[in-house]
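Listed below are the residues making up each chain.
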Amino acid sequence: MGKALEGVRILDMTHVQSGPTCTQILAWFGADVIKIERPGSGDITRGQLRDIPDVDSLYFTMLNANKRSLTLNPKTEAGNEIFTRLIEECDVMVENFAPGAIDRMGFPWEKIQELNPRMIYASVKGFGPGPYEDCKVYENIAQCAGGAVSTTGEIDRFPMVTGAQIGDSGTGIHLVAGILAALLQREKSGKGQRVTCAMQDSVLNLCRVKLRDQQRLAHGPLTEYPQYPNGEFGDAVPRAGNASGGGQPGWIVKCKGWETDPDAYIYVITQARAFPGLAKAIGHEDWLEDPEWSTPEARLPKLDQVFAEIEKWTMTKDKMEVMGILNPLNVPCGPILSMKELAEEDALRQTGTVVEVDHPERGKYLTVGNPIKLSDSPPDVARSPLLGEHTEEILKSVVGLDDAGIAEARRQGAI
Ligand SMILES: CC(C)(COP(=O)(O)OP(=O)(O)OC[C@H]1O[C@@H](n2cnc3c(N)ncnc32)[C@H](O)[C@@H]1OP(=O)(O)O)[C@@H](O)C(=O)NCCC(=O)NCCS
């Protein structure tokens, strides 16, 4: 069986992280992704955070798998003609340049629609229409603007960004959903449409529960937050440390070895249903008969003491031992896994979530494969392209240029 998006051709005008995350997933679904890169230099990430001199960085190789690279400057005469042909031949165009950049290249949406009414034109921008729509935005700015930073961090300490790239990769995934919906609608309507995702909006979407809490705050303190019952609440959702965002209290506790291992911790959730098993496991069977501890309501104002008692027990075991004991008791818990542990985890290799790829210049490297699993069309993760590796092949087979046309484009510095 073929791949889900076989036959779909993507004109990939993306760079850095947010856009490339989106088109990489489309490539893993089987689309033919043609990545357009500036002649001579390419996507800026090829040269950023390099670990090996003169070799495409992991930043680039881990975001551009399964794509073809075409160097092209649409601002030249020949480049403009080639780009026009590509718009005619592709199904989806994806871009995440600064606001107005594609228009300044001479290709506003109206013109794209005219050239190819079936075209789906998808963009990532930092902000939607409004006071900040012209701003350039990177990951951490989106996290700040979308509510993640004000709600992340230790209580009463400064705001914190998260290591998860929710602004870049998070928005890229949102864009994938929009493109797939537009492709489906095109089946019925025969028409393309514009798909836009603002990074601020995507981060806010991922912070949905915090806007929930903002509204709850009007009706009293947020009882599952560590500020309750002794701390103060202001008029905005505060930072909650490691408290669980759901209705079941949770916290990170130390495990054996925490003094020297920065990741010797486990997250434990004291779900009411599983609490009897948890209490017994940590040697607190007494809590089950004691009205001071036996109900979630009784425990709520003293969760710090509950977790301190749990921690006394977890500190006698390593995090995997704790997992081994608590999971059979249906106590939801999760070890704090380091990137080293994840890179070495056999199960993730088996499912294709962590994949080893071979690259002609850098040799073998690890990447994160497609986290979205389709039973009938599993992805084959292939290495990222070298700069301009497929220029001639695409110009001949997709654009229809002959050798003389390619030579002329080269003379103009268009490719
Ligand atoms: C990420 C971002 C801040 C980077 O900004 P930047 O490095 O200054 O790059 P820009 O997007 O402004 O693009 C720079 C120029 O390169 C030009 N360019 C891009 N590809 C080109 C090509 N193949 N050939 C010739 N010129 C090209 C653009 O036309 C633009 O020129 P202009 O400003 O004269 O119109 C910005 O692109 C942005 O805000 N993007 C939207 C939000 C986003 O995706 N952010 C997250 C990125 S992970």
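For the structure, check the block above.
Described in the following lines is the structure provided in the data block. (Residues numbered from 1 in each chain as written. Predicted model: local features only at pLDDT ≥ 70, side-chain atom pairs only at ≥ 80, totals over all residues. Heavy atoms only, no water.)

Inspection of the secondary structure assignment puts S338 in the loop between strand 9 (333-335) and helix 14 (339-344). S338 gets classed as buried once you look at its relative accessible area, which sits at 15%. Linking S338 and E139, residues 199 residues apart in sequence, is a C-alpha distance of 22 Å. (Helix = DSSP H or I, 4+ residues; strand = E, 2+ residues; numbered from the N terminus. Buried < 20%, exposed > 50% of the residue type's maximum accessible area, 1.4 Å probe, protein only.)

A separate point is the sheet that holds strand 8 (residues 265-269). Within a sheet, each strand pairs with its neighbour through backbone hydrogen bonds, oriented either parallel or antiparallel. Sheet architecture is open: three strands sit in the order 7-8-9, paired in antiparallel fashion. Edge positions in the sheet fall to strand 7 (250-254) and strand 9, since each has one partner strand and no second. Across the sheet, the mean angle separating the axes of adjacent strands is 20° when strand polarity is ignored. Sheet topology places strand 7 next to strand 8; five bridges connect them, and they run antiparallel. Across the sheet, the residue bridging to K254 is Y265, located in strand 8. Sheet contacts for helix 12 (residues 303-314): strand 7 and strand 8; angle to strand 7, the most-contacted strand, approximately 35°. Here helix 13 (residues 319-326) sits on the sheet and contacts strand 8 and strand 9; the angle it forms with strand 9, its principal contact strand, is near 160°. (Pairing = 2+ DSSP bridges. Axes fitted to C-alpha atoms, helices over the stretch in contact; angles between N-to-C directions. Contact = heavy atoms within 4.5 Å.)

In the vicinity of the ligand, 22 residues are found, and the nearest of them are R38, A98, R104, K136 and V137. Side-chain polar atom of S18 to an oxygen atom of the ligand: 2.9 Å apart, as the coordinates give it. Contact between the ligand and V137: a nitrogen atom at 2.7 Å from a main-chain N or O atom of the residue. Protein burial of the ligand: of its 930 Å² of free accessible surface, 84% is covered by the chains. Looking at the shell around the ligand, its residues break down into 10 nonpolar, six polar and six charged. (Near = heavy atom within 4 Å. Polar contact = N/O pair within 3.5 Å; in protein donor to acceptor, adjacent residues only side chain to side chain. Areas by Shrake-Rupley, 256 points an atom, 1.4 Å probe, with all protein chains shown as cover. Nonpolar A, V, L, I, M, F, W, Y, C, P; charged D, E, K, R; others polar.)

Another aspect to go through is the side chain of T71. By the secondary structure assignment, T71 is in strand 3 (residues 67-71). For T71, the residues in contact, after removing those within four places along its chain, are E37, R38, P39, L387, G388, T391, A414 and I415.

Before going further, it helps to examine a positive patch on the surface. On the surface, a cluster of positive charge is contributed by R38, K75, R104 and K136. Tracing the backbone shows K75 in the loop between strand 3 and helix 3 (77-89). Classification of K75 as exposed rests on a relative accessible area of 60%. (Patch = residues over 30% accessible without salt bridge, like charges linked within 9 Å, V, L, I, M, F, W, Y side chains within 5 Å. Salt bridge = Lys/Arg side-chain N within 4 Å of Asp/Glu carboxyl O. Lys, Arg positive; Asp, Glu negative; His and termini not counted. Charge placed at Lys NZ, Arg CZ, Asp CG, Glu CD.)

Read from one edge to the other, the open sheet built from six strands follows the order 3-2-1-4-5-6, with strand pairing classed as parallel. Each having just a single partner strand, strand 3 and strand 6 (194-198) make up the two edges of the open sheet. Direction aside, the axes of adjacent strands within the sheet are offset by 20° on average. In this structure, strand 1 (residues 9-13) lies alongside strand 2 (residues 32-37), joined through four bridges in parallel fashion.

Overall, the coordinates contain 25 salt bridges when judged by the stated rule. Between D56 and R46 there is a salt bridge, with its nearest N and O atoms 2.7 Å apart. With D56 in the loop between strand 2 and helix 2 (58-61) and R46 in the loop between strand 2 and helix 2, this pair connects stretches of sequence that are 10 residues apart. One exposure class covers both D56 and R46, and it is buried. Salt-bridge contacts for K312 lead to E309; the nearest nitrogen and oxygen are separated by 2.7 Å. Note that K312 and E309 are positioned in helix 12 at a spacing of three residues, about one turn of the helix.

A separate point is the nonpolar core. Here is a general trend for soluble globular proteins: nonpolar side chains tend to be buried in one another's company. Core analysis: the biggest nonpolar cluster contains 32 residues, and I10, L26, V92, V94, L175 and I179 have the highest contact counts within it. Put simply, the parts of the chain that give this core at least two residues each are helix 1 (18-28), strand 4 (92-95), strand 5 (120-125), helix 7 (168-189), strand 6 and helix 8 (199-206). Beyond its immediate chain neighbours, meaning those up to four positions away, V94 contacts I10, L11, D12, M13, T14, C22, T23, A122, L175 and I179. With 28 residues, the next largest nonpolar core counts M13, I82, F107 and M119 among its residues. (Core = buried A, V, L, I, M, F, W, Y, C linked by side-chain atoms within 4.5 Å.)

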